[in-house]
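# Structural description and commentary
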Amino acid sequence: MSTLLVAEDVAVFSSHLLVHPASLTLQAGRPFTILGETGSGKSLLAQAIMGTLPRGLRAEGRVTVGDQRLDLASGQGHRALWGRTLGVLPQEPWLALDPTMRARKQVEEGYRLVRGLPAVQSRIRASADLAALGLGNAGDKLPSELSGGMAQRVAFIAARAGGARIVIADEPTKGLDVFRRDEVIALLLKEIEDGGGLLTITHDLELARQMGGDIAVVLEGQIIEQGPAADVLGAPRHDYTKRLIAADPSAWPERNAAPKRSAGVKPVLTAAGLAKTRGGQLLFENRDLTVLPGEIVGITGPSGCGKSTFGDILLDLVTPDAGTVTRAEGVARVRFQKLYQDPPAAFPQKVPIRRALNDLVRLHGLDGSRIAPLLERLRLSPGLLDRLPTQVSGGELQRFALLRVLLLDPVFLFADEPTSRLDLITQQETVELLAEVARERNCAVLIVSHDAELIRKMSDRQIAFGSPPDAAALAA
Amino acid sequence: MAADLSLPLVAERSFWSTQRIIGVALLAAIVAFAFVTPFVFDGSPTRQSLRNVLGAPTVLEPLGYDHLGRSMLARMSAALRLSLGLAFLSVITAAVPGIALGILAAWKGGWTDRLISLVADAFLALPGLLLVLMFIAIVQDAPWALYVGISLVLWIEYFRLTRSITRALVLSPAVQASQLLGFGPLYIVRRHIWPEIAPLVLTVGAFGAASAIAAIAALSFVSVGVRPPTPELGLMMTELLPYYHEAPHALLQPVVAVFLLILSLNLIAGSNSR
């Protein structure tokens, strides 16, 4: 096994130290994964190694690539390596493609301009690359005509066309559902089999587990644990790593059986024969659902299968093509509420949280003194109230969103992927709180997630959405 | 810890850039000159004294006299009051319906949107000054015609700006959440839409005021709009142009005033783009 890249004492500074000196070694044919949550400095570490730090930050340390030694403090020497030796698979690669250029051309460019091959040969090589990843027919398509997964493969091929043997993948699975994630992992592992080097940066524990190889866990700009993935993840030594692994939905404790319900309870919401088409494609039809008070119902399915639309129909935010939704009689409309996927997007952007909450209290003539105990119940510091939604973390803001709807004593809460933008530990905290609070207040919850394990662990019963084979896979 | 790291990165870009401070200071100085002069200086902008024709500045008359021996100081301050007042009025009359229609079009969509956009496009198809000229030709000799004509040109910018921002906002989860929580349209305008468009409206407003001032001066320069003896910057330029050789200081005054006014407004407006 040959060593492709050695980084020694790499540190990143702005006015103060952001990433503590870290060292790592990348072997050919052995993936290396940097695992850490948002804001832990894992991307900065990778950018320092790549020489692509944003302005205003500086790096220290040394990187050895092949027989070339780079001093990071000087900030020079990287340019010659980009594309030829080091390649980057950017975050959300479908955004990295040129939307006006056909797929093959984007790959061709790498061969022609970076490797300096003649045009004809570039085209042949590009076509061969595309065909090798099952994109033989996609060469003449524009990125907008490709599916997300295809676009990702094109971006991957393009990133490697310059001949880079070392690929740095920054959050390659960000925003993907389980199926797409497995696709990407397979793609990355194939690169490894061929003897390339792969440095993956991720917050996704499952990705780290499947990649194998070596792993470094980053917390607050410091590598706290490093070693073979199987060892680190199998027998974590650091407290944080342990908590991280315990926060993975597959490690959550099994739920106690749902409390028995008497037969006479009236449902809060009943849907019958719902159907919806979007863009000429049938999302679902003949969907029935009865939600009892205080019940937690989970919906799983791949992205784009209409599970969010289903919830929006229940809240009367979207009109169904067929079917009816009946709500419990005599219950105010505002007691049917929703939690959003992206917490910052669900608050007025330029209004401090306190004012948004006070507005709500005033509008409905609520008792403002209820906010304080709720803050405590949701483990939120009152000091956060005076911040803007963009100035608190996603987990805190999602709890504020929960607080906001709890003020209205909801009987039904539709939680649309409420934790998909949160880190693992925060996700567990948020979901647990949501479940506890819902039980306390006898509020029914319909929770949507692409994470089947999370849904299984947290809900009383589940519904699978999606095309038949997918649905079968999920229900298992 | 995620929040702690990202906190200082949150856009804390100051509203008060150096550029904007200079612009506001300059504008304040001009406004002060225009509105304070009548109180400290006793002179009429229309009283002629032929002894002083094209007289040079003196201690008593710091800006000298024009070709009819009228006090340039009194005339300049009156002209600036007129320009500033008209520009301010035009901006308000353009902004209020422009923003209201923009929000309406974006919110209602469909035919409402199409109809209002069609009207806006029709106005936009005509060159701005031509529209004002046509308007003045129709309602002859009315001083307010100038201001109505300019507002008719200016409102489209506010409309387009508001419409494009509002359209994205009304579909956002934040607005949906507010509606679910029971808030009405007024609240959504006040808390969601207005905070987003306000800084941009200020920019467009400053640009709009600058173009209104330039338009008023340009129209008066070609003898449309304000009539003599009303002091007006463009008109003063026309009147003083023949005496360029004898009294360059007199001709330069309205030119410099227009330049400084438009510069200050552009400084106020432009700092957002940086």
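This one's a predicted model, so the numbers in the text were calculated from it and none came from an experiment.

Here the focus is the UniProt feature "transmembrane region" (unreviewed entry) in chain B. Under the UniProt annotation, "transmembrane region" (unreviewed entry) lies at residues 21-41, 82-106, 118-138, 144-161, 200-226 and 250-269 of chain B. Here residues 250-269 of chain B runs as 100% helix and 0% strand, with 30 Å between its end C-alpha atoms.

Here we come to the interface of chain A and chain B. Opposite the 36 residues of chain A that make contact, chain B presents 20 residues. For the chain A and chain B pair, buried surface summed over both sides reaches about 2400 Å², with 62% attributable to carbon and sulfur atoms. Area buried by chain A at its contact with chain B is led by Tyr-340, Lys-350 and Gln-391 of chain A, which between them contribute 20% of it. The tally of links from chain A across to chain B stands at two salt bridges. Here Asp-359 of chain A ties to Arg-191 of chain B by a salt bridge, and the two come within 2.5 Å at their closest N and O atoms. Those elements that provide at least two residues to the side of chain A that touches chain B are strand E15 (336-339), helix H10 (353-364) and helix H12 (394-406) of chain A. Among the elements that line the side of chain A that touches chain B, the one with the most residues is H10 of chain A, at six residues.

Residue and element names in this part refer to chain A. Position of Asp-204 among the secondary structure elements: in the loop between strand E8 (197-202) and helix H6 (205-211). When its relative accessible area of 13% is taken as the criterion, Asp-204 is described as buried. In this view, Asp-204 contacts Leu-35, Thr-173 and Arg-181; residues no more than four positions away in its chain are not counted.

Moving on, we get to the domain arrangement of chain A. Residues and elements named next belong to chain A. Annotation of chain A at the domain level lists domain 1 (3-250) and domain 2 (269-475). A C-alpha centroid distance of 34 Å is found between domain 1 and domain 2. Between domain 1 and domain 2 the total buried area reaches about 1300 Å² when both faces are included, carbon and sulfur atoms providing 62% of it. Linking domain 1 with domain 2 are zero salt bridges.

All names here are of chain A. Spatially, five strands are ordered E15-E16-E17-E13-E18 in an open sheet, and the strand pairing comes out parallel. With one partner strand each, in any of the chains shown, E15 and strand E18 (461-464) form the two edges of the open sheet. Between one strand axis and the next, the sheet turns through 20° on average, direction left out of account. Looking at chain direction, E15 and strand E16 (residues 412-416) are connected through four bridges and run parallel. Bridge assignment links Phe-336 to a residue of E16, and that residue is Phe-412.

Let's shift gears to the environment of Gly-466 of chain A. Residue and element names in this part refer to chain A. Mapped onto the elements of the fold, Gly-466 is located in the loop between E18 and helix H15 (468-475). Residue Gly-466 is classed as partly exposed on the basis of its relative accessible area, which comes to 26%. For the pair formed by Gly-466 and Val-218, sequence separation is 248 residues and the distance between their alpha carbons is 36 Å.

Right, let's get into unusual backbone geometry. Residues and elements named next belong to chain A. Notably, Asp-9 is not glycine yet its phi reads approximately 50°, a positive angle. Inspection of the secondary structure assignment puts Asp-9 in strand E1 (residues 3-13). According to the relative accessible area criterion, Asp-9 is partly exposed, its value standing at 40%. Phi angles above zero are rare outside glycine, and Asp-409 is one such case at about 50°. Its location among the elements puts Asp-409 in the loop between H12 and E16. The partly exposed category is assigned to Asp-409, whose relative accessible area is 36%.

All names here are of chain A. Counting across every chain of the model gives seven aromatic pairs over all chains. The interplanar angle of 90° and the centroid separation of 5.5 Å between the aromatic rings of Phe-284 and Phe-310 together place this pair among those described as edge-to-face. In this pair, Phe-284 is assigned in strand E12 (residues 281-291) and Phe-310 in helix H9 (residues 307-314), connecting sequence segments 26 residues apart. We note that Phe-284, like Phe-310, is buried.

In this structure, Phe-400, Leu-403 and Ile-447 of chain A together with Leu-146 of chain B are the most contacted members of the largest nonpolar core, which totals 107 residues. In this view, Leu-146 of chain B contacts Leu-86, Val-132, Ile-136, Ile-216, Leu-219, Gly-225 and Val-226 of chain B; residues no more than four positions away in its chain are not counted.

Taken together, Leu-126, Leu-130, Leu-133 and Met-134 of chain B make up a surface patch of nonpolar side chains, about 300 Å² in accessible area. Relative accessible area serves as the criterion here: at 35%, Leu-133 of chain B is assigned to the partly exposed category.

All names here are of chain A. The four strands lie next to each other as E2-E1-E4-E5, forming an open sheet whose pairing is antiparallel. The open sheet has two edge strands, strand E2 (17-27) and strand E5 (68-71), and neither has a second partner. The average angle at which neighbouring strand axes cross in this sheet is 5°, direction not considered. Relative to E2, E1 is paired through seven bridges, and the arrangement is antiparallel. Within E2, the residue paired with Phe-13 across the bridge is Leu-17.

Moving on, we come to the pattern of salt bridges. Residues and elements named next belong to chain A. Under the counting rule described, the total for this entry stands at 31 salt bridges over all chains. Put simply, Glu-436 and Arg-377 hold a salt bridge, and the shortest N to O gap is 2.9 Å. Of this pair, Glu-436 sits in helix H13 (residues 424-441) while Arg-377 sits in helix H11 (residues 371-377), and the two are 59 residues apart along the sequence. For Glu-436, a relative accessible area of 38% puts it in the partly exposed group.

Basis of the calculations
Residues numbered from 1 in each chain as written. Chains lettered and ligands numbered in written order. Predicted model: local features only at pLDDT ≥ 70, side-chain atom pairs only at ≥ 80, totals over all residues. Heavy atoms only, no water. UniProt positions renumbered as here; feature names shortened; annotations may be inferred. Helix = DSSP H or I, 4+ residues; strand = E, 2+ residues; numbered from the N terminus. Contact = heavy atoms within 4.5 Å. Buried area = accessible area lost by both parts, 1.4 Å probe. Salt bridge = Lys/Arg side-chain N within 4 Å of Asp/Glu carboxyl O. Buried < 20%, exposed > 50% of the residue type's maximum accessible area, 1.4 Å probe, protein only. Domains from an automatic or database assignment. Pairing = 2+ DSSP bridges. Axes fitted to C-alpha atoms, helices over the stretch in contact; angles between N-to-C directions. Phe/Tyr/Trp six-rings, centres within 6.5 Å; stacked < 30°, edge-to-face > 60°. Core = buried A, V, L, I, M, F, W, Y, C linked by side-chain atoms within 4.5 Å. Patch = residues over 30% accessible without salt bridge, like charges linked within 9 Å, V, L, I, M, F, W, Y side chains within 5 Å. Areas by Shrake-Rupley, 256 points an atom, 1.4 Å probe, with all protein chains shown as cover.

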